[in-house]
Amino acid sequence: METIIIIVFLAGYLAITLEHNLKIDKLIPALAMMAILWAIIALSHMDVFEVNAQLRELEPTHIDEILLHHLGKTAEILVFLLGAMTIVEIIDYFDGFATIKGFIRTKSKRKLLWLFSILAFILSAIIDNLTATIVLITILQKVIKDRETRLWFAGIIIIAANAGGAWSPIGDVTTTMLWIADKVSALQLIEHVLIPSIVCMLVPVFLASRFKAFQGNIDSDIEELEAPKSKYGALMLYLGLGAIVFVPFFKTVTHLPPYVGMMLSLAIVATFAEIYSSSKFSISSVEGEGHDTEGHHSPVHHSLSKIELPSILFFLGILLAVAALESLGMLFHYAESLNEAIPNTDIVVMLFGVGSAVIDNVPLVAASMGMFAQALDDPLWHFIAYSAGTGGSMLIIGSAAGVVAMGMEKIDFFWYFKKITWLALVGFVAGAGVFVLMRDFVLHA
């Protein structure tokens with residue numbers, strides 16, 4: 001029966017990986033795979049276990065109990081993401097991201113490269129790498145008219161956004177998963193992964209700045225860039241970003257799960273949004289969408305209707321599918337076999353990073369949490385956060401940032417592979433080398 005379980009999982013995984021070829025949204029195979037796996041376990045009365053991290057052994061349990069346990073852990077991540085997504089959409093409702101255009105004061109391509117890269121690195125650490133990529137490519141399309149030049153910029157933005165998301169507990173779904181699962185703490189994650197992530201971003205940007213594509217000036221008139229359509233745009237941007245950054249501090253002080261702090265942040269941002277929208281400001285950001293600009297329209301309701309529910313359902317399916325393998329003890333035994341085959345865990349984790357460029361990094365990290373039982377803030381978890389977060393840059397389909405950029409700019413897979421992949425690989429290896437050196441220095445100090 002275990003063979004059937006593995007076949008179902010691999011078939012579902014393959015369908016997720018070939019999403020663009022099959023023209024089927026990845027949430028469909030994820031949900032189907034999850035339901036079928038748990039149905040097989042229930043119908044065949046297979047033994048299920050809970051991993052005892054302290055004793056490094058499997059403890060028998062009941063299917064209802066273990067399923068409820070995994071659903072609770074998954075729900076913590078999903079509710080957290082729903083809150084963050086809603087805050088981001090509220091900022092967008094007030095056209096707050098247009099404020100970022102004010103930082104663009106130069107026509108030099110090289111300076112713009114550094115500016116966009118630094119913005120991507122910082123923004124992705126706060127609003128996640130996917131949203132940061134969408135925001136910056138939208139601005140990029142208004143700033144740079146030449147498509148070939150824009151493709152180069154988009155490629156570097158993907159690398160910078162993924163690097164920025166790796167060191168922040170709220171910057172990438174995978175780091176959020178590790179944080180919520182109490183594998184890493186916010187301060188220790190930043191302390192150990194920030195410098196490797198900076199190196200991972202700086203090396204490709206420095207190399208790219210020497211390319212012909214980034215020489216000279218752009219043709220656009222910077223002064224013609226539009227200002228925010230709402231007078232509250234800048235205020236809501238800083239309020240929203242501040243509210244998201246507040247969440248790790250809330251968890252540190254209260255020791256409550258992160259989604260509680262995110263709900264508080266959402267309540268605060270939503271309160272100001274309702275107050276500002278009830279006054280007669282220009283709601284031109286939603287004009288043309290069938291809204292009455294004279295009457296009061298709830299920005300919270302509007303924002304909730306815009307969040308990406310398909311992504312939420314995909315995470316639900318894939319996390320509970322991986323949980324099925326964990327509950328059967330498969331991941332536990334696989335980890336033991338892997339440690340015997342490859343005694344060096346650094347190589348294993350770097351292979352995770354390379355693997356995340358080919359397949360989704362969410363199930364990879366979910367699997368690693370079931371495979372390893374190291375304590376909170378063990379260097380292994382920090383290295384997994386770095387590798388899973390930055391490794392996806394090596395292929396355009398390897399990260400959410402890459403996939404969305406591919407859609408927005410119609411970037412060809414092979415163009416990215418020839419032009420950008422080697423830059424991402426060099427940055428990934430350089431950052432990994434810095435991480436290992438830092439870790440070994442601390443261990444031997």
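Placed above this text is the structure.
All figures in this text were calculated on a predicted structure; none of them were measured in a lab. Going along each chain's sequence as written, the residues are numbered from 1 onward. For this predicted model, a pLDDT threshold of at least 70 governs which residues receive local features, and a threshold of 80 or more governs which side-chain atom pairs are given and counted, while totals over whole chains, interfaces and linings are taken from all residues. To obtain the side-chain values, all non-hydrogen atoms of the structure were used and water was disregarded.

Participant: Let's hear about the nonpolar core: which residues, and what values?
Facilitator: By convention a nonpolar core is built from buried Ala, Val, Leu, Ile, Met, Phe, Trp, Tyr and Cys residues, the set being connected through side-chain atoms within 4.5 Å. Burial classification: accessible surface area is computed with a 1.4 Å probe over protein chains only, and a residue below 20% of its type maximum counts as buried, one above 50% as exposed, and the rest as partly exposed. Residues Ile5, Ile90, Phe116 and Ile127 are the most contacted members of the largest nonpolar core, which totals 141 residues. Helix and strand assignments follow DSSP, with helices taken as H or I runs no shorter than four residues and strands as E runs no shorter than two, numbered in order from the N terminus. Tallying contributions element by element places helix H4 (residues 63-93) first for this core, with 12 residues. Any two residues having at least one pair of non-hydrogen atoms within 4.5 Å are treated as being in contact. Excluding anything up to four places from it in sequence, Phe116 contacts Ile104, Leu136, Ile139, Leu140, Phe153 and Ile157.

Participant: So what about helix H3 (residues 27-43)? Which residues, and what values?
Facilitator: For a helix, the expected span equals 1.5 Å multiplied by the number of residues minus one. With 17 residues, H3 extends 24 Å between its outermost C-alpha atoms, agreeing within 8% with the 24 Å of an ideal straight helix rising 1.5 Å per residue. Of all the positions in H3, only Leu27, Pro29, Ala30, Met33, Met34, Leu37, Trp38, Ile40 and Ile41 are classed as buried. Once H3 ends, the next one or two residues include His45, with phi positive near 55°.

Participant: Tell me about a negative patch on the surface, and please be specific about residues and values.
Facilitator: For patch detection, residues must exceed 30% relative accessible area and be free of salt bridges, and they are connected within 9 Å for like charges or within 5 Å for nonpolar side chains (Val, Leu, Ile, Met, Phe, Trp, Tyr). Residue burial considers only the protein chains on display, and all accessible areas are found by Shrake-Rupley using a 1.4 Å probe. What makes a salt bridge here is a side-chain nitrogen of Lys or Arg within 4 Å of a carboxyl oxygen of Asp or Glu, nothing more. This count recognises Lys and Arg as positive and Asp and Glu as negative, with His and chain-terminal groups excluded. Here the site of a charge means NZ on Lys, CZ on Arg, CG on Asp, or CD on Glu. Together, Glu50, Glu59, Asp64 and Glu65 give the surface a local cluster of negative charge. Structurally, Glu50 is set in strand S1 (residues 48-52).

Participant: Can you tell me about the packing of helix H1 (residues 2-17) against helix H13 (residues 309-327), naming the residues and giving the values?
Facilitator: Contact geometry of H1 with H13 gives a least axis separation of 11 Å together with a crossing angle of 155°. Taken together, H1 and H13 sit at an angle that is classed as roughly antiparallel. Once H1 is placed against H13, the crossing between them reads as left-handed. Within the contact between the two elements, H1 uses Ile5, Phe9 and Ile16 and H13 uses Phe314, Ile318, Ala321, Val322 and Leu325. Along the lines of polarity and charge, the residues of the contact of H1 with H13 split into 8 nonpolar, no polar and no charged. Here the axes come from fitting lines to C-alpha atoms, over the contacting stretch only for helices, and the angles between their N-to-C directions go from 0 to 180 degrees. Any angle between 65 and 115 degrees counts as roughly perpendicular, while under 35 counts as roughly parallel, over 145 as roughly antiparallel, and the rest as oblique. The sense of a crossing depends on the near helix, which, turned anticlockwise from the far helix by less than a right angle, makes the crossing left-handed and, turned clockwise, makes it right-handed. For this scheme, ten residues count as nonpolar: Ala, Val, Leu, Ile, Met, Phe, Trp, Tyr, Cys and Pro. Four count as charged, namely Asp, Glu, Lys and Arg, and the remainder, Gly too, count as polar.

Participant: Give a description of the packing of aromatic side chains that names residues and reports values.
Facilitator: Pairs were defined over the aromatic rings of Phe, Tyr and Trp, the Trp ring being its six-membered one, requiring ring centres within 6.5 Å. Orientation was assigned from the angle between planes: stacked under 30 degrees, edge-to-face over 60, tilted for the rest. Applying the stated criterion to the full structure yields 19 aromatic pairs. Where Phe383 meets Phe435, the ring centres are 4.7 Å apart and the plane angle is 10°; that geometry is what we call stacked. Pair noted here: Phe383 is in helix H17 (residues 379-391) and Phe435 is in helix H20 (residues 421-444), with a separation of 52 residues, a long-range link. Here the two residues Phe383 and Phe435 agree in accessibility, since each one is buried. Between Phe413 and Phe417, the ring centres sit 6.5 Å apart and the planes meet at 5°, which makes this aromatic pair stacked. Taken together, the positions of Phe413 and Phe417, both in helix H19 (residues 413-419) and 4 residues apart, correspond to about one turn of that helix. Note on Phe417: relative accessible area 45%, which makes it partly exposed.

Participant: Tell me about unusual backbone geometry, and please be specific about residues and values.
Facilitator: In this structure, Lys23 is a non-glycine residue whose phi angle is positive, near 60°. You can see Lys23 is positioned in the loop between helix H2 (19-22) and H3. Its relative accessible area of 70% is what places Lys23 among the exposed residues. Phi at Lys410 takes a positive value of approximately 55°, unusual for a residue other than glycine.

Participant: Can you lay out the environment of Ile307 for me, pointing to particular residues and giving the numbers?
Facilitator: Secondary-structure assignment places Ile307 in the loop between helix H12 (299-304) and H13. Its relative accessible area of 12% is what places Ile307 among the buried residues. Residues Ile307 and Ala160 lie 147 residues apart in sequence; the distance between their C-alpha atoms is 24 Å. Aside from chain neighbours lying at most four places away, what touches Ile307 is Leu82, Met85, Thr86 and Glu89.

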